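What the coordinates show
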Amino acid sequence: MDYKKIAELCFPDVKLTTEEIEKRYPPRKLDGVQVVSRYAPSPTGYMHIGNFFQMFISYNLTRVTNGIFFLRVEDTDSKREKEGAMDVIYQILDRFGIKPDEYQDLDGEVHGNYGPYIQSQRMEIYKAYAKKLIAEGKAFPCFCKKTEGKEDVLKLRQTKFEKDDEKEYDPCRNLTVEEVEEHIKNGDKFAVRLKTKNDGSQRIKFYDLIKGEIEAKANAKDFVLLKNDGLPPYAFAHAIDDTLMGTTIVVRGEEYIGSTPAHLELFDALGFKYMTYCHNPLICKIGENGNRRKVSKRYDPEADMRFYFVEGYPLDSILEYLLNLINSGFEQWRAKNPDADWKEFKFGIDDITTVAPIFDLVKLNDISKNLIAKIPGETLYQNWLNWAKEFDVDLAKILESDKDKFIKLCQMDRDGSPKPRKDIYNYSMIKKEFDYIFDKPHNFEIEDCDKEKANEFLAEYLKNFKMPQSNEEWFNGVKELASQMEYATDNKLYKQNPEMFKGNTAKVCEFIRVALTGRKNSPTLYTIMTILGEDEVKARLNKKF
Ligand code: GLU
């Protein structure tokens, strides 16, 4: 069969040869250790935590080997593409300070020698390889029409392939030159399919860096390389791009293991060396039936990366949490190196988890609490404000209008404290945590039998109230008044003879605390007073329970 002629009939305008293309992509000069890997998202929606996880593995493998991390946009599925999705991907990487070594700006500027890095701009390359494979008799044009109507589609599916359990040969694989010529003359559109060499009896083995050796049935399907709109599905674009771009390790989700035999046959047909794969386990949750299930955007708000930004998790907590999922050794490392930058944590391929990690928000919150506990008050204020500017503009205005007060709030039980507070895990919760600073408290809970005593004590306290200048001064003042009003200032004595007193100092502090904050627990009252200011303190102490 004159395959060259068929190739020429299919692609008369494609003059670029694969030799010319390969000259444009010389092998990379690497030192043998350096990993070249990539993040290859399809712009089909908001970024999923699983995608980010995979990207982060890829990024770290290149980071620890001083290798090359590049970003390739896989935008060849126009039906699934969502507008703006690409911007989101770029913004997210940018937010985390993850800058690929090679990428392409959305407005076109290419950074790196192995571009274009946007697949829709690589059509001439895919066509040249499709033409080559047809010319070598390894692929063929398929003119089967996509029929409208459900019944037709069903019929087509049942009858189209010479299909048994073992193989799927497309009827167009044996079209003659004349038949192809006829179709082309009629202006019939065609897809390009691989002419598989296998008949379903072969098995292959391949090695995955995480899963080890995998044995599977070899591909025996004439699968599509170019759709009839000229766009390449994943397999073809992957084989060509990762080869030309010099990828040394393809990190991708384990859902691709099943199609790897097809990819490998394609590498053979193209005369390319096999890729090294690292199929990472997918992040899971435990479902209601107790089994693991994939984290899904449909059921889990935390599947969408936006969740973390809206909630205001510090970015490093998210990264540290993911490192923890990638390699459980991270936790030990962190315990030994409490103040080190996470970037000092090194891990290799052998350290990547082989089982699907379970996503656990409680653990993330824990990591985040520890991290926030270490942030100095003024920086915490700034982070909180930056978060508010994006997600709660009204709050941002308030935070800016009274900067000193809110810095003080952030410094409370933190700067210089031997036991900094560890209850905050994201920025969106701070306002709720300190609602009494923003608003007068509404719910005052105090026991009925204490109400009269509280009113009596607060009235007296207010009568002589002067803004204290130190915690000590404040507490001494409270104790003095307590003692005058027959409250015990010596707790031991109080416990021995409770009937001699109206209560103890803790009780009067509770009166003041509830009046000022509406809560029975709060940080040091002295600090809260300095934040509220004298007038507000007086207004709140003027309270009748
Ligand atoms: N575009 C593919 C995806 O988002 C890339 C898979 C890969 O990394 O090879 O699933």
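Residues numbered from 1 in each chain as written. Predicted model: local features only at pLDDT ≥ 70, side-chain atom pairs only at ≥ 80, totals over all residues. Heavy atoms only, no water.

1. Brief notes about the nonpolar core
In plain terms, the rule: Here, nonpolar core means buried Ala, Val, Leu, Ile, Met, Phe, Trp, Tyr and Cys residues that are tied together by side-chain atoms lying within 4.5 Å of each other. Exposure is judged per residue with a 1.4 Å probe applied to protein chains only, and the accessible area is read against the type maximum: over 50% gives exposed, under 20% gives buried, and values in between give partly exposed. The way it works is that DSSP assigns letters per residue, a run of H or I at least four long becomes a helix, a run of E at least two long becomes a strand, and they are numbered from the N terminus. Whether two residues are in contact is decided by their heavy atoms, any of which lying within 4.5 Å being enough.
If you look at the biggest cluster of nonpolar residues, it comprises 56 residues, and the most contacted ones within it are Phe236 and Leu266. The element contributing the most residues to this core is helix 5 (residues 123-135), with eight residues. When sequence neighbours within four positions are dropped, the list of residues in contact with leucine 266 reads Leu133, Leu194, Phe223, Leu225, Ala235, Phe236 and Ala239. In this structure, Met55, Leu61, Phe309 and Ala340 belong to the second largest nonpolar core, which totals 54 residues.

2. Remarks on the pattern of salt bridges
Put simply, the test is: A carboxyl oxygen of Asp or Glu within 4 Å of a side-chain nitrogen of Lys or Arg is what we treat as a salt bridge.
Across all of its chains, the model carries 35 salt bridges by this definition. Residue lysine 211 is joined to glutamate 254 by a salt bridge in which the shortest nitrogen-to-oxygen separation is 2.4 Å. Pair noted here: lysine 211 is in the loop between strand 9 (203-208) and strand 10 (212-217) and glutamate 254 is in the loop between strand 12 (250-253) and helix 9 (260-270), with a separation of 43 residues, a long-range link. A residue is classified by how much of its surface remains accessible, and lysine 211, at 31% relative accessible area, is partly exposed. Across the pair arginine 306 and aspartate 304 runs a salt bridge, and its minimum N-O distance is 2.7 Å. Residue classification places aspartate 304 among the buried positions, given a relative accessible area of 13%. Members of the salt-bridge network, linked through shared partners, are Arg38, Arg72, Glu74, Arg122, Asp241 and Asp242.

3. Digging into the packing of helix 19 (residues 448-463) against helix 20 (residues 471-484)
Definition in use: All axes here are fitted lines through C-alpha atoms, helices being fitted over the stretch that makes contact, and every angle between N-to-C directions spans 0 to 180 degrees. Each angle is binned into one of four classes, with values under 35 degrees roughly parallel, values over 145 roughly antiparallel, values of 65 to 115 roughly perpendicular, and all other values oblique. Handedness of each helix crossing follows the sense of rotation of the near helix against the far helix: counterclockwise by less than a right angle gives left-handed, clockwise gives right-handed. Classes in brief: Ala, Val, Leu, Ile, Met, Phe, Trp, Tyr, Cys and Pro nonpolar; Asp, Glu, Lys and Arg charged; the others, Gly included, polar.
Relative to each other, helix 19 and helix 20 sit at 125°, their axes nearing to 11 Å. With respect to helix 20, the axis of helix 19 lies oblique. Here the hand of the crossing between helix 19 and helix 20 comes out right-handed. Only Trp474, Val478, Leu481 and Ala482 of helix 20 make contact with helix 19, whose side of the interface consists of Phe457, Glu460 and Tyr461. Partitioning the contact of helix 19 with helix 20 into residue classes produces six nonpolar, no polar and one charged.

4. Describing the site of the ligand
Applicable threshold: Only a single heavy atom is needed: when it lies within 4 Å of a molecule or strand, its residue is near that molecule or strand. Under this definition, polar contacts are N or O atom pairs within 3.5 Å; protein pairs additionally need one hydrogen-donor-capable and one acceptor-capable atom, and for neighbouring residues in sequence, both atoms have to be side-chain atoms. Shrake-Rupley sampling with a 1.4 Å probe provides the accessible areas, and residues are treated as covered by the protein chains on show and by no other component.
Lining the immediate surroundings of the ligand are Arg38, Ala40, Ser42, Gln54, Glu74, Tyr234, Val251, Arg252 and Tyr256. Alanine 40 places a polar main-chain atom, nitrogen or oxygen, 2.8 Å from a nitrogen atom of the ligand. One of the side-chain N or O atoms of tyrosine 256 is found 2.6 Å from an oxygen atom in the ligand. When the ligand sits alone it has 290 Å² of accessible area, and the protein chains cover 89% of it.

5. Observations concerning helix 16 (residues 403-411)
The condition is simple: Here the arc refers to the directions that run from the helix axis out to each C-beta atom.
Turning to helix 16, its buried residues are Phe406, Ile407, Leu409 and Cys410. The arc that holds the buried residues of helix 16, viewed along the axis, is 155°, so those residues lie on one side. If you follow the buried residues of helix 16, they end up packed against helix 14 (377-391), helix 15 (393-401), helix 18 (435-438) and helix 23 (525-532). Phi turns positive one or two residues past the end of helix 16, at aspartate 413, with a value near 55°.

6. Focus: the packing of aromatic side chains
The condition that has to hold: Working definition: rings of Phe, Tyr and Trp (its six-membered ring) pair if their centres are within 6.5 Å, and the pair is stacked with planes under 30 degrees apart, edge-to-face with planes over 60 apart, and tilted otherwise. The criterion is that NZ of a Lys, or CZ of an Arg, lies within 6 Å of the ring centre and within 35 degrees of the ring normal, and then a charge sits over that ring.
Tallied over the entire structure, the rule returns 35 aromatic pairs. Judged by centre distance (5.4 Å) and plane angle (55°), the ring pair of tryptophan 333 and phenylalanine 345 falls under tilted. Of this pair, tryptophan 333 sits in helix 12 (residues 329-336) while phenylalanine 345 sits in the loop between helix 12 and helix 13 (361-373); the two residues are 12 residues apart in sequence, bridging distant segments of the chain. Put simply, the rings of Phe52, Phe56, Tyr59, Phe69, Phe96, Phe309 and Trp342 touch in pairs and so form one group of aromatic residues. Note that arginine 28 overlies the ring of tyrosine 114, its terminal NZ or CZ placed 3.9 Å from the centroid. Positioned over the ring face of tyrosine 169 is arginine 173, at 3.8 Å from the centre of the ring.

7. A closer look at the sheet that holds strand 5 (residues 139-142)
How we decide: For two strands to be treated as a pair, DSSP must find no fewer than two bridges joining them.
Spatially, 5-8-11 is the arrangement adopted by the three strands of the open sheet, whose pairing is antiparallel. Pairing within the sheet leaves two strands with one partner each, and these edge strands are strand 5 and strand 11 (224-226). Put simply, the sheet's adjacent strands are angled 40° from each other on average, direction ignored. Sheet topology places strand 5 next to strand 8 (residues 191-194); four bridges connect them, and they run antiparallel. Along strand 8, the bridge assignment pairs cysteine 142 with alanine 191.

8. A few points about the pairing of strand 10
Sheet analysis places strand 9 next to strand 10, joined by six bridges and oriented antiparallel. Bridged to arginine 203 within strand 10 is lysine 217. In textbook terms, the turn of a hairpin is the stretch between consecutive antiparallel strands, and for strand 9 and strand 10 this stretch comprises three residues.

9. Remarks on the side chain of glutamate 510
Mapping glutamate 510 onto the fold places it in helix 22 (residues 505-517). For glutamate 510, the residues in contact, after removing those within four places along its chain, are Ile446 and Lys520.

10. Remarks on the side chain of glutamate 320
In this structure, glutamate 320 sits in helix 11 (residues 315-326). When sequence neighbours within four positions are dropped, the list of residues in contact with glutamate 320 reads Phe330, Arg334, Trp342, Ile367 and Leu371.

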